Amino acid sequence: MTRDPDSGLNAGKAKPLYDMLVSFADVSSRDTGQGYPYRETLATCLDCSKQTVDRAADYLENEIGLVKVHRRKVEGRPEENDANLYEIFDAWLIHGVPPPARTPPQLVARYGYTVPGLDVDAWITEHAPHFDLAAWRSAHDERQQGQAAKREEQRRKERARRKKPKPKPKPEAGAQEGGGVMGDATPRETEPQGGSVMGDATPGVMGDATGGVMGDALSRAVVPEPSSTTDPAPAARSAGDARRATAGSSAHEHAEGGCAASGNESSSESAAAAQAGVDVPEQRDQGPELSGEQVSVVKTVVASLPAELVALLPYRSLPRRNHAQVLEAMSGRTVQQVIDRAARRWTAHGYADALHSIDGKGIGSAVGVAVALVQAGECPYARCEDGTDIDTGAGCRMCEERRAERREAKAAATAAGRSTGSVRPAPHRPGWWICTVCEDPGKGTPPRDGECASCRADAAAAAAAGQQLAQQLEQEAAARAADAEQGAAFVLELDEQAAYTEAAERADQDRAERERAARKQVEAEETARIRAEIAAQYPDLAAVSGSVREAQEAQQAVPAPF
């Protein structure tokens, strides 16, 4: 990953954040459970904002799959955030072993080839059957090609800047002071006796002479009129723009070569338009070479743009140098999704109103508007489509968090007595303004607090939800107190019942003892009475029984010999 040229990893703080999380992580568990890094701590260490840390963490989690973020709350205080737990899936890459089953599939698809003997397709099929590996590879390859083309373009421009400019020709002796094209257009050795520039100038030289130096000299006197009424170029350009279209360098090249066609090749359309005096933009770099399929995709997207915007484009098409921007905007999107994006933004961002309304200023740059309609949004979440998750249709979590953080910062600034800034107008759209929270455009009188109706509704809903949550927590606390009181009463009742039961058991035991003693007394009295009656009836038997009893008692009194 350190050598990965992905611009998403290198443009922001994704790579430094990974290094920082490794320093906080435990060696064996590969998570930051012991390190406990707060977002503010990470932002301080990386010298950036917390929002930048969030964007980098989101890219590492969703796009790369190297990190998983577990968001936590303070125990016992659900409204207060705690330090996130960052789980890092790099152990298998460090040791060069097959990845565990819980490894994110996009990480295996991106770096699995570095592990010897690992069959990435088989691993994805077994552990992540829902992951579309073919689509991921196609999007990844397309993105890499776009980034490579962009880097090559940057290198080409750097090489062009390093080239030394051609030296300007020194004026010859005797030349008229302040001489221009009329004095230099025709080389001295080829000029016929008594001839002039007009005698041998080619249409290219004439075009440069009129549009360049001579255009500056005669602009106040003559403004060249276009020779065709069907010119596809925008009609609102001025003569100054026409002069800027043919710079002095081109005139100098024509002066040196004697003919525009011999020094600089141009397209037939540009040559014909220049000969007719039509405003033709200066030729720029045409960008990287694209395949026929890519060009077809770009033409399909451009053709689907609003017809009034297409009519303002040069030659009713997007310049070739902007084709790579359209392809880059289609990363992870289908053609139809990009078309829907452009149609939605044309109205929502106020371009249609700026072009058609009576007080509208119009569109300054048709090419810039076309690129703005199709380019990706500013949200770092790859599946975010202007604040909505394109897969689920729900609101983008990252956008909601960014809006919440901006709203909290604004509330904190207001509470501290600091100015929160005024509503700024939308560029190229008179009567439109930008919301200070969601940064979406709005039309009409800007609100005093700088928030659009949607953000105010979200804030009101959040306040209502907070109030409802507070009421719910209060009710739950009251319910817990009632349960505790009821439990205490129940315990007291159990204790009283146990004491009553114990007392009743003791009373039953005493009563049983008394009953047994009474029964024994009654039995003894009855035995004595029966013996008295028998003794009275049978005195001899009573004497014998008395002797026997006395003998038994005496025998029991004598101790046993052993």
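Quantities reported herein were computed from a predicted structural model and do not represent experimental measurements. (Residues numbered from 1 in each chain as written. Predicted model: local features only at pLDDT ≥ 70, side-chain atom pairs only at ≥ 80, totals over all residues. Heavy atoms only, no water.)

Looking now at the overall build of the protein chain. The secondary structure content of the protein chain amounts to 25 helices and eight strands. Element-wise, carbon and sulfur atoms account for 54% of the exposed surface of the protein chain, whose accessible area totals about 36500 Å². (Helix = DSSP H or I, 4+ residues; strand = E, 2+ residues; numbered from the N terminus. Areas by Shrake-Rupley, 256 points an atom, 1.4 Å probe, with all protein chains shown as cover.)

For the rest of this paragraph, the subject is the pattern of salt bridges. On inspection of all chains with the given rule, the structure shows 27 salt bridges. With a shortest N-O distance of 3.9 Å, Asp58 and Arg397 are connected by a salt bridge. Taken as a pair, Asp58 in helix α4 (residues 50-64) and Arg397 in helix α23 (residues 397-415) lie far apart in primary sequence, 339 residues in all. Put simply, Arg397 and Glu401 hold a salt bridge, and the shortest N to O gap is 3.4 Å. Within this pair, Arg397 and its partner Glu401 are both found in helix α23, separated by four residues, close to a single helical turn. The structure contains a network of salt bridges with shared partners spanning Arg333, Arg341, Arg344, Arg345, Glu385 and Asp386. (Salt bridge = Lys/Arg side-chain N within 4 Å of Asp/Glu carboxyl O.)

Under the criterion given, the structure shown has three cavities of 30 Å³ or more. The calculated volume of the second largest cavity comes to roughly 70 Å³. If you trace the second largest cavity, you find it lined by Val53, Asp54, Ala57, Asp58, Glu61, Val69, Arg71, Asn84, Tyr86, Met398 and Glu401. Contributing elements (two or more residues each) for the lining of the second largest cavity: α4 and α23. With five residues, the single largest contributor to the lining of the second largest cavity is α4. (1 Å grid on protein atoms, 1.4 Å probe; cavity = no way out; pocket = protein on both sides within 12 Å on 5 of 7 lines; lining within 4 Å. Points joined across faces, edges and corners; volume = space filled by probe spheres on them.)

On to the environment of Thr300, then. With respect to the helices, strands and loops of the structure, Thr300 is situated in helix α17 (residues 292-303). Residue class for Thr300 comes out partly exposed when judged on its relative accessible area of 39%. Each C-alpha atom, one on Thr300 and one on Ile339, is 9.0 Å from the other, the two residues being 39 residues apart in sequence. (Buried < 20%, exposed > 50% of the residue type's maximum accessible area, 1.4 Å probe, protein only.)

Counting through the fold element by element, Asp90 comes out in the loop between β4 (85-88) and α5 (91-95). Within polar-contact distance, the side chain of Asp90 engages the side chain of Tyr18 at 2.8 Å. Not counting residues up to four positions away in its chain, the partners in contact with Asp90 are Tyr18, Val22, Arg30 and Leu66. (Polar contact = N/O pair within 3.5 Å; in protein donor to acceptor, adjacent residues only side chain to side chain. Contact = heavy atoms within 4.5 Å.)

A full pass over the atoms with the stated rule returns two aromatic pairs. Aromatic side chains Trp346 and Tyr351 sit 6.4 Å apart centroid to centroid with 20° between the ring planes, which places their arrangement in the stacked category. When sorted by exposure, Trp346 lands in the same class as Tyr351, which is buried. (Phe/Tyr/Trp six-rings, centres within 6.5 Å; stacked < 30°, edge-to-face > 60°.)

Accessibility expressed as a relative area gives 2% for Asp58, which makes it buried. In contact with Asp58, not counting residues within four places along its chain, are Glu63, Pro380, Tyr381, Arg397 and Met398.

Let us now look at the packing of helix α3 (residues 39-46) against α4. At a closest axis distance of 8 Å, the pairing of α3 and α4 adopts a crossing angle of 95°. On the basis of their axis angle, the class for α3 and α4 is roughly perpendicular. Seen from α3, the contacting residues are Arg39, Glu40, Leu42, Ala43 and Leu46; seen from α4, they are Lys50, Val53 and Asp54. (Axes fitted to C-alpha atoms, helices over the stretch in contact; angles between N-to-C directions. Parallel < 35°, antiparallel > 145°, perpendicular 65-115°, else oblique.)

Where a protein is soluble and globular, its nonpolar side chains tend to be buried together. Grouped together as the largest cluster of nonpolar side chains are 36 residues, with contacts concentrated most on Leu17, Leu60 and Ile64. The set of elements that each furnish at least two residues to this core consists of α2 (14-24), α3, α4, β1 (67-70), β4, α6 (105-111), α7 (120-127) and α8 (133-162). The biggest single contributor to this core is α4, with six residues. Aside from chain neighbours lying at most four places away, what touches Ile64 is Asp6, Leu9, Tyr59, Gln106, Leu107, Arg110 and Tyr111. In terms of nonpolar packing, the next biggest core, distinct from the first, is built from 25 residues, Val301, Leu318, Ala342 and Ala370 among them. (Core = buried A, V, L, I, M, F, W, Y, C linked by side-chain atoms within 4.5 Å.)

What follows is about a nonpolar patch on the surface. Nonpolar side chains collect at one region of the surface, where Ile530, Ile534, Tyr538 and Leu541 lie side by side and expose about 370 Å² of accessible area between them. Structurally, the position occupied by Ile534 is in helix α24 (residues 453-537). We classify Ile534 as partly exposed; its relative accessible area is 38%. (Patch = residues over 30% accessible without salt bridge, like charges linked within 9 Å, V, L, I, M, F, W, Y side chains within 5 Å.)

The next point concerns the pairing of β4. With burial as the criterion, each face of β4 is covered, one bearing Leu85 and Glu87 and the other bearing Tyr86 and Ile88. In this structure, β1 lies alongside β4, joined through four bridges in antiparallel fashion. Looking at the pairing, Val69 lines up with Tyr86 of β4. (Pairing = 2+ DSSP bridges.)

This next bit is on helix α20 (residues 335-348). It helps to recall that an α-helix has 3.6 residues per turn; residues three or four apart then point in one direction. Its 14 residues place the ends of α20 20 Å apart at the C-alpha level, agreeing with the 20 Å of an ideal helix rising 1.5 Å per residue. Of the residues making up α20, those classed as buried are Val338, Ile339, Arg341, Ala342, Arg345 and Trp346. Within α20, the buried residues cover an arc of 155° as seen down the axis, which keeps them to one side. The inward-facing, buried residues of α20 contact α17, α18 (307-312), α19 (323-329), α21 (351-356), α22 (366-374) and β5 (384-385). Immediately beyond the C-terminal end of α20, within one or two residues, lies Gly350, with a positive phi of roughly 85°. (Expected span 1.5 Å × (residues − 1). Arc of directions from axis to C-beta.)

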